[in-house]
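# Topology and contacts: notes
The lines below spell out each chain.
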Amino acid sequence: MNMNMPMTAGVGGQTMEQALAKLQDMTFDIKPISVVEYRQRVRSAQQLMKKSNIEALFITPGSNLLYFTGINWMCTERLCGVIIPAQGKLTYIVPHFELDSFNEHISLQGNISTWQEHEDPIELVMSVISSKNFANKSDVSTLVRKINVALCGSISFTMASKFMNNHTEVDFVCADEITIHCRQIKSSAELTLIQKAMDMTLAVQQAAASILYEGISSKDVVDFIDKAHKKVGASGSYFCLVLFAEASALPHGIKGWQELKNNDMVLIDTGCKLMGYTSDITRSYVFGTASQRHREVWQAEKVSQAAAFKAAQLSISCEYVDQQARAALAEYGFSPAYDLPGLPHRTGHGIGLDIHEAPYLVGGDKTPLAAGMCFSNEPTICIPSEFGVRLEDHFYMTEAGPKWFTIPSLSIDDPFGLS
């Protein structure tokens, strides 16, 4: 293999062993979300429920359950979750034979109702909701008026259908209007965890760039990045995309693996999880010497990313940020819409417990920006049969405007600011 150092600063020059040896655990000072904050999240949901005349919210395993209770539980065919009433204590719904295991995950205390394998868990859920809202009624079917029950947006269609078909006397609505509203504004504790996760992945990105050499397989790079994420304190990569040359023009990659060639565009998109919170950073640079075409497109990407950041001000709509990123690309001759060559997807997505969560920096999303919202900023340029460039960093909104989690790439010749 050729270990000669290419011209791009920080790209190549180290073995995998050398790069891993320089990484250290970065998680020693992190703190989990407190029980006090989980209680506040439940109270916020209850306030929204009262405004919308929703009597109960049923949340199934997934990021919503993690957000409101801190419980990270696998979603299976057996109904499990938590009922948050508009007022009063929450109730966990658990398969009886998993009660002991489930109890180990509970930090936010509440009532627990279990069901046996031969019983209908949906009837248990509705019985609990009925008893919470109408103490003198034991059967929801005998209620004088309909009650409104919000079901978690991640519940399966099959399960939601069973709720609706078996209880036509109840109005079921999607819980997204409650859960999204709560989750899109991050607390200081959440911002701290996201910041740390981003710092970890940026260190991994820099290490990955340093081990590149002509002929290296994209699979070897992916494997190295997983090891590097473990070295900085994560459980490994949450996801990883490594693309060379023409494949970098495909936003979500190709089937199979590639070998790196001299003067290829390199695109690496990866992230990790830290106490449930996600990082997501992309770096694009050339292995070797950048051509004039590489430089022009890379610069257009950087200007577009900067335009989106500048546009992200309090009360401005999400779609306006996307429009400004596209307007900047149009100045370089790219499509101002979603056509190729240009930016075929949204400029950015929200991030938190999910890697992609609302709101989104995209046409049609008129959500006004507010302090505490977090977004990716990645106005990817895709040029079919040539290459693509994605510079992805994240920012969060403050009362003074946007603030970067990570400093964007400096230049195509010095993507990590090393020279």
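This structure is a prediction, so every number in the text was calculated from the model and none was measured.

### What to know about the sheet that holds strand E5 (residues 148-151)
On the basis of which strands lie adjacent, the open sheet formed by six strands has the order E4-E3-E2-E1-E5-E6 and mixed pairing. Across the chains shown, the open sheet's two edge strands, defined by having one partner strand only, are strand E4 (111-115) and strand E6 (171-174). Recorded for the sheet is a direction-independent mean angle of 25° between the axes of neighbouring strands.

### Considering the side chain of lysine 186
Along the chain, lysine 186 turns up in the loop between helix H7 (176-183) and helix H8 (188-210). Residue lysine 186 is classed as buried on the basis of its relative accessible area, which comes to 7%. Engagement of the side chain of lysine 186 in a polar contact is seen with the backbone oxygen of arginine 183, the distance being 2.9 Å. Reaching out from lysine 186, the side chain makes a polar contact with the backbone oxygen of isoleucine 351 at a distance of 3.2 Å. Discounting chain neighbours no more than four positions away, the residues touching lysine 186 are Leu191, Ile194, Ile351, Gly352, Glu357, Gly372 and Cys374.

### A few points about the packing of aromatic side chains
On inspection of all chains with the given rule, the structure shows 12 aromatic pairs. Every member of this aromatic cluster is reached through a ring pair, and the members are Phe309, Phe375, Phe395 and Trp404. Between the NZ or CZ atom of lysine 273 and the centre of the ring of tyrosine 238, over which it lies, the distance is 4.8 Å.

### A few points about the nonpolar core
Across soluble globular proteins, you tend to see nonpolar side chains buried next to one another. By size, the foremost hydrophobic cluster in this structure holds 71 residues, and its most contacted members are Tyr92, Ile178, Leu212 and Val221. Ranked by the residues each element gives to this core, the list is headed by H8, at 10 residues. Excluding residues within four positions of it along the chain, isoleucine 178 makes contact with Ala45, Leu48, Met49, Ile54, Leu57 and Ala150. Formed by 21 residues, the second largest nonpolar core is a distinct cluster that contains Val125, Leu151, Ile155 and Val170.

### A word on the confidence of the model for the protein chain
Averaged over every residue, the pLDDT of the protein chain is 94; residues scoring 70 or more account for 95%. Residue range residues 134-138 is modelled with pLDDT below 50. Its contacts to residues more than four positions away, or to other chains, number nine contacts.

### What about the pattern of salt bridges?
One pass over the full model with this rule turns up 18 salt bridges. In this structure, glutamate 357 and arginine 183 form a salt bridge, with 3.0 Å as the shortest nitrogen-oxygen distance. You can see glutamate 357 sitting in strand E13 (residues 357-361) and its partner arginine 183 sitting in helix H7, a full 174 residues away along the chain. In this structure glutamate 357 comes out as buried when scored by relative accessible area, which is 7%. Through salt bridges with shared partners, one network takes in Arg183, Lys186, Asp354 and Glu357.

### Some thoughts on the environment of threonine 270
Mapped onto the secondary structure, threonine 270 falls in strand E8 (residues 264-271). Classification of threonine 270 as buried rests on a relative accessible area of 0%. Polar side-chain contacts of threonine 270 include one of 2.7 Å to the backbone oxygen of phenylalanine 239.

### Re the packing of H8 against helix H9 (residues 218-231)
For the pair H8 and H9, the least separation of the axes is 9 Å and the interaxial angle reads 140°. Viewed along their axes, H8 and H9 adopt a mutual orientation that is oblique. In this structure, the crossing between H8 and H9 has a hand that is right-handed. Between H8, through Thr201, Val204, Ala207 and Ala208, and H9, the contact on the second element is made entirely by Phe224, Ile225, Ala228 and His229.

### Observations regarding the sheet that holds strand E11 (residues 281-287)
Taken in spatial order, the three strands line up as E7-E8-E11 in an open sheet, and their pairing is antiparallel. At either margin of the open sheet sits one strand with a lone partner, and together these are strand E7 (239-244) and E11. Neighbouring strand axes in the sheet, compared pairwise and without regard to direction, differ in orientation by 10° on average. Of the pairings in the sheet, the one linking E8 to E11 comprises seven bridges and is antiparallel in character.

The rules behind these values
- Residues numbered from 1 in each chain as written.
- Predicted model: local features only at pLDDT ≥ 70, side-chain atom pairs only at ≥ 80, totals over all residues.
- Heavy atoms only, no water.
- Pairing = 2+ DSSP bridges.
- Helix = DSSP H or I, 4+ residues; strand = E, 2+ residues; numbered from the N terminus.
- Axes fitted to C-alpha atoms, helices over the stretch in contact; angles between N-to-C directions.
- Buried < 20%, exposed > 50% of the residue type's maximum accessible area, 1.4 Å probe, protein only.
- Polar contact = N/O pair within 3.5 Å; in protein donor to acceptor, adjacent residues only side chain to side chain.
- Contact = heavy atoms within 4.5 Å.
- Phe/Tyr/Trp six-rings, centres within 6.5 Å; stacked < 30°, edge-to-face > 60°.
- Lys NZ or Arg CZ within 6 Å of the ring centre and 35° of its normal.
- Core = buried A, V, L, I, M, F, W, Y, C linked by side-chain atoms within 4.5 Å.
- pLDDT = per-residue confidence, 0-100.
- Salt bridge = Lys/Arg side-chain N within 4 Å of Asp/Glu carboxyl O.
- Parallel < 35°, antiparallel > 145°, perpendicular 65-115°, else oblique.
- Left-handed = near helix turned anticlockwise from the far one by under 90°.

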